[in-house]
Amino acid sequence: MIPGGGQPNMQQLLQQAQKMQQDLAAAQEQLAQAEVEGQAGGGLVKATVTGSGELRALVIDPKAVDPEDTETLADLVVAAVQAANENAQALQQQKLGPLAQGLGGGNGIPGLPF
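In what follows, the accompanying structure is described. Note that this is a predicted model, so its numbers are computed, not measured.

### Digging into the pairing of strand β2 (residues 45-50)
Across the six residues of β2, five count as buried, placing the element largely inside the fold. Hairpin remark: strand β1 (residues 35-40) followed by β2, antiparallel, with four residues in the connecting loop; positive phi at G41, about 65 degrees. Across five bridges, β2 lies against strand β3 (residues 55-60) in antiparallel orientation. Paired with T48 across the strands is A57, a residue of β3. Hairpin connection of β2 to β3: four residues between the antiparallel strands, including G53 at a positive phi of 95 degrees.

### Thoughts on the pattern of salt bridges
A full pass over the atoms with the stated rule returns three salt bridges. The residue D23 makes a salt bridge to K19 at a minimum N-O spacing of 2.9 Å. With D23 and K19 both in helix α1 (residues 10-33) and four residues apart, the pair spans about one turn of that helix. Under the relative-accessibility criterion, D23 is labelled partly exposed at 31%. Look at K19 and you get partly exposed, because its relative accessible area is 47%. Note that E54 and R56 form a salt bridge whose closest N and O atoms lie 3.4 Å from each other. Exposure remark for R56: the relative accessible area of 45% places this residue in the partly exposed category.

Definitions and limits used
Residues numbered from 1 in each chain as written. Predicted model: local features only at pLDDT ≥ 70, side-chain atom pairs only at ≥ 80, totals over all residues. Heavy atoms only, no water. Buried < 20%, exposed > 50% of the residue type's maximum accessible area, 1.4 Å probe, protein only. Helix = DSSP H or I, 4+ residues; strand = E, 2+ residues; numbered from the N terminus. Pairing = 2+ DSSP bridges. Salt bridge = Lys/Arg side-chain N within 4 Å of Asp/Glu carboxyl O.

Structure representation (structure tokens):
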């Protein structure tokens, strides 16, 4: 016969859940502090975002500025921000992926971007 009638130890499960919650909060804080960069136009435009995707900085090389062609500059800015956000998502996957797997795979867990 299994001790406790075969029921999982609720105290142990609660402790594991609390630890996973603490680990998740720590990983989210690390993401908020981390910065990643994306660039476009061979580095003419660089965007820096936090690991959670907040735009922090945008650097535009003067060579990218053509008053007659602001559309290309706008495209470069968008592309740099998108690249930075893709890098932030990769960092999120790296930091939060193992935690999400421990919580049942990550699918459908509110607050997780994957």
